[in-house]
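# Notes for the structure review
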Amino acid sequence: MSLTAMPDRPLRQRFRPLWWLGVTYLLIGAVTRIVLLAMTGPGVPHNPLYWLYAFGIGACYDLVTLLYVAWPLLLFLWLVPRRTYVSRAGQWALYLLALLLVYWLLFVAASEFVFWGEFGVRFNFIAVDYLVYTTEVIGNIRESYPIGLWMSLIGLLALAIVWLSRRWLRTVDAGSRFLGRGKVVLGWLVLTIVSVLAVNGTMKDRSDNTYVNELAGNGIYQFFNAFRSSHLDYSRFYRTLPDQAAFERVRKGLQTPDATYVSNDPHDLTRAIRNPGPEQHLNVVLISVESLSADFLKTFGASHGEITPHLDALAGNSLFFDNVYANGTRTVRGLEALSLSIPPTPGDSVLKMHHNENLFSLADIFNDRGYVSEFLYGGYGYFDNMNYFFGHNGYIPVDRKDIPKDAVIHSENVWGVADEDLYTLALGQMDKIHGQGKPFFLHVMTTSNHRPFTFPEGRVKERNGTREGAVAYTDWSIADFIERARKKPYFDDTVFVITADHDSSSAGKTSLPVNRYHIPLWIYAPGHIAPRRVDRFMSQIDIAPTLLGLLHFSYRSRFFGYDIFQLPPGRERAFPATYEKLGYLRQGLLTILEPQKKIEQFRPDFETGDAAPAHPRNPEDSDDATAYYQVAAELFKQGKLVRRPEDSTPVQPLPAAASSSASP
């Protein structure tokens, strides 16, 4: 209901502060977009049409959000009796409420600047996800930024705004009635309900530049939109195929020379994987490094200088894969891919879903061979539900609380101990398990390459608290770990697998910038695996089966990944995704599935992340993308990704003469 349409002068007087809030909020929204636009730099070309779109559509989203933001003030203006409202106490109460609202809006704007600087987007599912873990998130902010100074400055700015605009906040009321004020509130309620039903967070996504689409949004609106979308049922929101056709397509796609389906059931993906024996029961240490982008490495033409000398040298001494693409932009997505070898699910990761116990995992395959499998994390593993997930899927979780109180801790922050201290914990676990006469499989998740980027002094020349410094420390600590492990009696029988959970940034001009999913992979085992460089296109979900192939394991599998050395050329694919957009990347064509059952195809630039619409579309890739995501989501929903008793049944290895020529 427009206030100008109200003929009652007392009502116009009573609700005049709503005009004040509306103007203030629109100005804050405009200034926020100007700052975010400046932070984006060349990501938004100097095109007036882009600016018009961002600020025009953005103002519309701000007006919609104003309907929600204004409710505290609206209720105050409605409920407070006239005598109290026009009193000195009423005036100061209005000033205080106005100050709190402005402070909150300015705080949200400042938070958006920080979030945009980290992720290149407005608030989204990551912000919702982090809201659950207030200790870590607030601690991270306090350790990364001068939060006390910022909050003081925000308070001073809020006071200045309220003081300079105080005449709009005078408590004037010539005699409005409660029922008359109620009509205004009812009209506001109707508009609010209509906005919920008629507007959604994707309506702004009409530009060909993702940054522009994000600028056109509203942080508060996007946050609550993401909150509503945190649990996305695939079959309800995404394109589907007939059930039989989807499973047939996936079964055909998973067929490789080393795999034989154990059942004619079209809904059973269980395959017997046969490699030439005998199996090599080597120890395995899988290190998933926080945010280790491929472009940090000199071997990929890093622009950061030589900050990874040890990892660059290790590339020449390892089986090094230089064309690997991650599943997502969050740690949970990397952990999901490495442990379960499945495409990402829309919304929440499987790590955080209900009924995620006893799933078929990489640890199960090692455990069947007498290994002790552990997941090691330098922080507290309740974060992102890691301890629960790994503890119920074949791994023994070991985290910060398992470090003895008298142990030397060189450095720690809110996320956990420094990587070198995590590796000391790992070496202790390796010593213990080896002392029991058992092989070990350790999945180690690092934290040092995460804001606030703190690490022990004197390790590297780069400055503490910077991304470059954290990457350099990551490089140093991995080299130090390997050198310490080299002195152990089990070193010669240990395989070190080093990769990233995800890239260091997810921002780009497109909704799925493929250059932001490129990660490195080293498999280092002197004396067992010959060094060489592998340039085949590969998905993060292929790492587990490829490792098992190198160990000549024969086993039953329901992984969606391949042993890359058993895959005929031309069938490589990857699954880069966000929490809503599900990507399928094959032979230079990116297919994206989106809510509202939308599907798009692009030809991406692997260097810049830019993408051009693909014409004509490839229906085969559209159906393949749909089938893989649909089947993975359906199997989890139906509880069919769980481990079965028969999965421990030994699989007869191939005779040595029948080994694949594609094997390394």
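Described in the following lines is the structure provided in the data block. (Residues numbered from 1 in each chain as written. Predicted model: local features only at pLDDT ≥ 70, side-chain atom pairs only at ≥ 80, totals over all residues. Heavy atoms only, no water.)

### Notes on the overall build of the protein chain
In terms of helices and strands, the protein chain carries 22 helices and 18 strands. Against the compact-globule benchmark of 26 Å for 664 residues, the protein chain has a radius of gyration of 28 Å, which places it among compact chains. Viewed in the frame of its principal axes, the protein chain has a C-alpha envelope of about 95 × 60 × 45 Å. Per-residue burial for the protein chain yields a buried fraction of 58% across its 664 residues. Counting every atom, the protein chain has about 27400 Å² of accessible surface; 60% of that belongs to carbon and sulfur. If the 64 positive side-chain charges of the protein chain are averaged to one point and the 65 negative ones to another, these points end up 11 Å apart. (Helix = DSSP H or I, 4+ residues; strand = E, 2+ residues; numbered from the N terminus. Rg over C-alpha atoms; globule rule 2.2 N^0.38 Å. Buried < 20%, exposed > 50% of the residue type's maximum accessible area, 1.4 Å probe, protein only. Areas by Shrake-Rupley, 256 points an atom, 1.4 Å probe, with all protein chains shown as cover. Lys, Arg positive; Asp, Glu negative; His and termini not counted. Charge placed at Lys NZ, Arg CZ, Asp CG, Glu CD.)

### Thoughts on the sheet that holds strand 1 (residues 259-261)
Judged by pairing direction, the sheet is antiparallel, and its three strands sit side by side in the order 1-2-14 without closing on themselves. The strands lining the two open edges of the sheet, one partner per strand, are strand 1 and strand 14 (555-557). For this sheet, the mean inter-axis angle between neighbouring strands, taken without regard to orientation, is 30°. Sheet topology note: the strand 2 (residues 271-273)/strand 14 ladder contains three bridges and is antiparallel. In the sheet register, Ile-273 faces strand 14, and the bridge partner there is Tyr-555. (Pairing = 2+ DSSP bridges. Axes fitted to C-alpha atoms, helices over the stretch in contact; angles between N-to-C directions.)

### Examining unusual backbone geometry
Omega for the bond connecting Arg-451 with Pro-452 falls within 30 degrees of zero, at 25°, which places this linkage in the cis form. Among the structural elements, Pro-452 can be located in the loop between strand 9 (440-445) and helix 20 (467-486). Here the amide bond leading from His-615 into Pro-616 is cis, since omega sits at -10°, within 30 degrees of zero. Relative to the assigned elements, Pro-616 resides in the loop between strand 18 (611-613) and helix 22 (619-637). Although it is not a glycine, Lys-597 adopts a positive phi angle of roughly 60°. Mapped onto the secondary structure, Lys-597 falls in the loop between strand 16 (589-594) and strand 17 (598-604).

### Thoughts on the packing of helix 2 (residues 16-40) against helix 3 (residues 48-69)
Packing of helix 2 against helix 3 brings their axes to within 10 Å, and their N-to-C directions diverge by 140°. Between helix 2 and helix 3, the angle is such that the two are oblique. Handedness of the helix 2/helix 3 crossing: right-handed. Across the interface between the two elements, Leu-21, Gly-22, Tyr-25, Leu-26, Gly-29, Ala-30, Arg-33, Ile-34 and Leu-37 from helix 2 touch Trp-51, Ala-54, Phe-55, Gly-58, Ala-59, Asp-62, Leu-63, Thr-65, Leu-66 and Val-69 from helix 3. (Parallel < 35°, antiparallel > 145°, perpendicular 65-115°, else oblique. Left-handed = near helix turned anticlockwise from the far one by under 90°. Contact = heavy atoms within 4.5 Å.)

### Re helix 19 (residues 419-435)
With 17 residues, helix 19 should reach 24 Å at 1.5 Å per residue; the first-to-last C-alpha distance of 24 Å fits that figure. Taken as a whole, helix 19 has its buried residues at Asp-419, Glu-420, Asp-421, Leu-422, Tyr-423, Leu-425, Ala-426, Leu-427, Gln-429, Met-430 and Ile-433. The inward-facing, buried residues of helix 19 contact strand 3 (283-289), strand 5 (372-377), strand 6 (396-398), strand 8 (416-417), strand 9 and helix 20. Immediately beyond the C-terminal end of helix 19, within one or two residues, lies Gly-437, with a positive phi of roughly 75°. (Expected span 1.5 Å × (residues − 1).)

### Section: the sheet that holds strand 15 (residues 582-586)
Taken in spatial order, the four strands line up as 15-16-17-18 in an open sheet, and their pairing is antiparallel. Looking along the sheet, the strands with just one partner apiece sit at the ends: strand 15 and strand 18. Neighbour-to-neighbour, the strand axes of this sheet turn through a mean angle of 30°, independent of strand direction. Bridge count between strand 16 and strand 17: five bridges; the pairing is antiparallel. In the strand pairing of strand 17, Leu-590 is matched with Phe-602.

### Some details on the nonpolar core
Counting residues in hydrophobic clusters, the biggest one holds 124 residues, and the most contacted among them are Phe-321, Phe-366, Val-495 and Phe-560. Non-local contacts of Phe-366, meaning those with residues more than four positions away in its chain, are made with Val-284, Tyr-371, Ser-373, Phe-441, Leu-547, Leu-548, Leu-551 and Phe-553. The next biggest cluster of nonpolar side chains, apart from the first, holds 44 residues, and it includes Val-69, Tyr-95, Ala-98 and Phe-123. (Core = buried A, V, L, I, M, F, W, Y, C linked by side-chain atoms within 4.5 Å.)

### Here we look at empty space enclosed by the protein
With the rule as written, the count across this model stands at eight cavities of 30 Å³ or more. Its boundaries defined by the atoms lining it, the largest cavity holds a volume of some 100 Å³. Lining the largest cavity are 14 residues, with Tyr-25, Gly-29, Thr-32, Glu-112 and Asn-218 positioned closest to its centre. Sorting the residues of the lining of the largest cavity by element identifies helix 2, helix 6 (88-119) and helix 12 (219-228) as the ones contributing at least two each. With five residues, helix 2 is the single largest residue contributor to the lining of the largest cavity. Its residues assigned to classes, the lining of the largest cavity comprises six nonpolar, four polar and four charged. (1 Å grid on protein atoms, 1.4 Å probe; cavity = no way out; pocket = protein on both sides within 12 Å on 5 of 7 lines; lining within 4 Å. Points joined across faces, edges and corners; volume = space filled by probe spheres on them. Nonpolar A, V, L, I, M, F, W, Y, C, P; charged D, E, K, R; others polar.)

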